[in-house]
Structures are given as C-alpha cells and as structure tokens.
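Chain by chain, the residues:
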Amino acid sequence: MLKIDNLRVNYGGIEAVKGISFEVPDKSIVTLIGANGAGKSTTLRSIVGLAKPSAGSSITLDGKELIGMDTPDIVSKGIALVPEGRRVFPDMTVIENIKIGAYLRNDNLDEDINWVYDLFPRLKERSWQLSGTLSGGEQQMLAVARALMSHPRILMMDEPSLGLAPLIVKDIFSIIKEINKKGVTVLLIEQNANMALHTADVGYVLETGRITLSGPGKELLADESVKAAYLGKKKD
Amino acid sequence: MSLSTFLQQCLTGISLGGAYALIAIGYTLVYGILRLINFAHGDIFMMAGYFMIFAMATFPWYIAIPIVLLITVLLGVSIERVAYRPLRTAPRMSVMISAIGVSYLLQNLATYLFTALPKGYPEIPFLKKIFKIGGLSASFVTFLTPVLTLIIVYALIILINKTKIGMAMRAVSKDYDTASLMGIKINRVITFTFAIGSLLAAVGSILYFTDRMTVFPFSGSLPGLKCFVAAVFGGIGSIPGAVIGGFILGLGETALVAMGYSTFSDAFTFVLLIVILLIKPTGLFGEKTTDKV
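This section reports on the structure supplied with the text. (Residues numbered from 1 in each chain as written. Chains lettered and ligands numbered in written order. Predicted model: local features only at pLDDT ≥ 70, side-chain atom pairs only at ≥ 80, totals over all residues. Heavy atoms only, no water.)

Here we come to the interface of chain B and chain A. Each side of the interface is counted separately: chain B has 18 residues, and chain A has 27 residues. Together chain B and chain A conceal approximately 2,000 Å² of surface at their shared face, both sides included; 61% is due to carbon and sulfur atoms. When residues of chain B are sorted by the area they lose upon contact with chain A, B:Lys164, B:Leu181 and B:Met182 head the list and together hold 32% of the total. Where chain B meets chain A, there are five salt bridges. The tally of links from chain B across to chain A stands at nine residue pairs in polar contact (both at pLDDT 80 or more). (Contact = heavy atoms within 4.5 Å. Buried area = accessible area lost by both parts, 1.4 Å probe. Salt bridge = Lys/Arg side-chain N within 4 Å of Asp/Glu carboxyl O. Polar contact = N/O pair within 3.5 Å; in protein donor to acceptor, adjacent residues only side chain to side chain.)

The structure is reproduced here in structure tokens:
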C-alpha cells in the first residue's frame, strides 16, 4: 500500500501542496481530481522523487519511506509514472520507446511487447515510426505502454486525457480498467472528473494544495459541490 | 603540383583530420548530454600527451598506451565529478565558467609541474616506421589515424544506437526527468559519456603528438579550439557532424599549407566558423529546434 502522510511541497517560496494525506490500497484505482494549480502533478512528482517535499512529509510504500530516494530507485520498487504531456522520446522509434520502459529489466521482453501491442494495436502498426511523428493519442498510448513495460505494481498517470478526442479518452480509460484487472494499482490524476470518478474506487478532491473532499468515486459523482465545480452541472 | 604530391598532401590532411575528429567527438558527446561546452577538453588532450611521456619513461609502448588511456579517462571523469556535477542544477553559464576555470587550472598545473618548455614526445617505434604505398610515403601513424578514426566512430555509433547504455545516453540527452522515470541513473550516464570523450581524446593525443614530437602546457588549447569549431561546423551534438567537421578542417588546413599560405592555416578554422555561423548556425547536421508537443 502506498501511503502519503502530511505531504508539503514548496516551489520557490510558494507552497504548492499544503499537507495532504491519502492512501492508495493495493489493486485499487484511486483518483485525485482538481483544477489547474491544485497540486496534483506536484503530488505525483513527489512520489517518484522528482519534486522535493518539505521536512515532516512522509511517503511510504509498504511502510518503507520513499522520500530521499533517487527516482530510479523508486521506479525499481515498482512505481511507474506516465508523465503529464506524455513525454515520449521523439527521436526514438515506437519499439525503442517501449524497450526503454523496461530499462531496469534484464529478462526477455517479447511476451510483454506482444501484450502492450495487443492493448494498443495502433502502436504495433507504427512500430518503426519515430515517436515524435505520432498523434497525441498515439503518444499517450505509447507513454502508457512504456510505463507498463517496467511491470509496475503501481501505475500513476498524470492527466492521460489531456488534449485527446473523447473517443480516444474512452479507449484510454477502458484500458486503465483492464490494466487494473491484471492486478496493477492505479493512481490517476485528472481534470476530466467525470471519467475519472466513474473509473475510480476512491476519489480525492484537491483544491489549492489541500484535500477538501474524499470518498468512493460514485459518491463524489453525486456530491453537489463536485457537480458544480467539476462536472459543469448547476446546483439546484 | 604532381599527382603524387597532391595525394601525399591529401593523406596528411586526412590523417590530421582523423585526430581532430576524435577530439571533436568529445565536445559533441558532452554537449549532447549536458548542453555544456567542455572547455577543458583540449587540456585533457594535452595532459594525455604528458601522461604518455611519463608512461613511456618506464614501460614499453604496449603497456604505456593502456595506462595512458586509463589515466586520461580517470582525469576526465574526476573533472566532471568535481567541477561540473555540483553545478548540475545551476544555470548553464555557471557550468561553462567552471569549465573555463578547469581549462586554466590544467594549463597552469602542467606549467608548474612540467615547466613551460616543450618536452619531447616519445617515439612509438611501429608508429614511426616509414611506409610506401605507390608513390606515397609516410609514417605508419599517418595511414593508421584515419582508419582507426573510422573504426572508432563506427563502434561508437553501434554503441549509441544498439546497446542499452547507448539508448540511455540518447534518452538522457533529450529529457532528464523522463529518463530517470525509466530507471536510468543520470549521473552514471554522464560519467560514462565523459569516460568515452576522454578515451577518444587520449587516442587522438597519441596519434597527434606522435607526428608533432613535442608537448607543452598550451599544446591543447589551439587543437582544442579547432576541434570545438569542427564540432560546431558539423552541428554540435551530432557525431557524424563532428567527424566530417574534423576531416574538413584537417584537409583545409593542409591544403593552405601546401599552397604556401601556412601563415593562414590556423585562420582557416575561424573563417570556416564564421561562414557556417552565417549560413547555417546549427551546423551541417545540427538539431532541428522545432518540437512537436
């Protein structure tokens, strides 16, 4: 289980995350929703060690503290992040991007390559294409495929739906569920609250660095203030 | 000019170009990963020259060469460790100034330790043997340099495109954060890059100084500057670019000498730099700056 306790992060004097605590139980789908600047990405970046939390914060995986560890060491513990804006390596081919996702592994990759190609048949067709020439949706698929190649226990995704056509967003979310069924824990952050809450077991609402609301996804969907703020429905 | 004189000059030019290419690759590799122009690179090359003098004083050449390669690699890697790594998150200008500082430090250290008087470079017997092919005659090193350069470049390209560490180098050169998310240890890749750059500088130094016979504390600065220009000409960050830049520089310089304008042979480098910066500032194979988001 991944446990975040009293996480605080400063960015150049501004406190982006102001002491949040939440848990990601094994094999669940947890989502953090919130507007721009709420501190969602900073939270994920802190978990993988790309942002440095302030003293007093704690992030533990099965009781072991992750703060202070290097990113590659955290990744080797089974946490993978699909970063915001996909960040595929544009000068590498699709297959190279997939292989680099398995950088820490030394076993045979064929089976897993076939698996991600089955999940995303479009990538298979474009195997030898340079990743920079893919469409946004294809790049997102590639970023997810790349993250899966490390065999993560916990897959974290930073706004996978950003800038994608609604149909592709639906595809991505159904694949998230499929991956979760295989036993992978998913931590998802989204502005697309509707899709995220429909998919997630548990949701947390983040506002300017604080968690203001939490509960099962379905319950949050019905919550009046969530409806008003994120789902574009008026309060009656 | 007779045909054989012409070919003879071409051979000299290609050979000089090969040594330039090896050094230029060092600039381009480090720039590709760190976006840093390693001004100390020419002085690492000079130090390799001194290492050879001392190694050959006690050992036969076949032991001296590996020792020189190893010590030069250690020097390059420690410079990165001490002068560049602590500045990893500092602005790029600070790292560059640190590189200039290291360059002066090495020059002055060499002056202090070995005096400013040129020291004779040891002769490696088999490299100095005179060979004759058709009408051409030159020492073995002149024939060896371009061949060795091409073999090394080929091996390097295979390393970068086909191996895991090469893939990691390409990833780090694009995006530190994402590379570390793949589990790549950035500092290890950077150390490896400096090791390769310094190794090539050491090989280049053996080939270059064998032809020139003396080493002094500033014998790295002009070749270093020229090879930097070669890397910029080819498009800094690109290995084939650095190689082609090196060869063009070597051939151009030799051509000027052959035509009797030896006074201007050094100026050729800088004219070339000005021309390429005016016509194609990113160099022959420079990175395109357009990014698809």
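Next comes the rest of the write-up.
Time to look at the packing of aromatic side chains. The relation between two aromatic rings is expressed through the spacing of the ring centres and the mutual angle of the planes. Residues and elements named next belong to chain B. All chains considered together, the criterion is met by 15 aromatic pairs over all chains. Each ring, one from Tyr-50 and one from Phe-114, has its centre 4.3 Å from the other, and the planes form 25 degrees; the classification is stacked. Linking Tyr-50 in helix H2 (residues 41–58) with Phe-114 in helix H4 (residues 92–114), this pair joins segments that are 64 residues apart in sequence. Note on Tyr-50: relative accessible area 0%, which makes it buried. (Phe/Tyr/Trp six-rings, centres within 6.5 Å; stacked < 30°, edge-to-face > 60°. Helix = DSSP H or I, 4+ residues; strand = E, 2+ residues; numbered from the N terminus. Buried < 20%, exposed > 50% of the residue type's maximum accessible area, 1.4 Å probe, protein only.)

All names here are of chain A. Alignment of strand E9 (residues 202–207) against strand E10 (residues 210–216), held across six bridges, turns out to be antiparallel. If you follow Val-205 over to E10, its bridge partner there is Leu-213. Counted between consecutive antiparallel strands, the loop separating E9 from E10 contains two residues, among which Thr-208 sits at a positive phi close to 35 degrees. (Pairing = 2+ DSSP bridges.)

Moving on to the sheet that holds strand E7 (residues 154–158) of chain A. Residues and elements named next belong to chain A. Reading across the sheet, the six strands line up as E6-E7-E8-E3-E9-E10 and stay open at both edges, with mixed pairing between neighbours. Of all strands in the sheet, those with a lone pairing partner are strand E6 (79–82) and E10, marking the two edges. This sheet shows a mean twist of 15 degrees between the axes of neighbouring strands, independent of strand direction. Examined bridge by bridge, E7 and strand E8 (residues 185–190) share five bridges and lie parallel to one another. (Axes fitted to C-alpha atoms, helices over the stretch in contact; angles between N-to-C directions.)

All we've got here are geometric facts, nothing functional implied.
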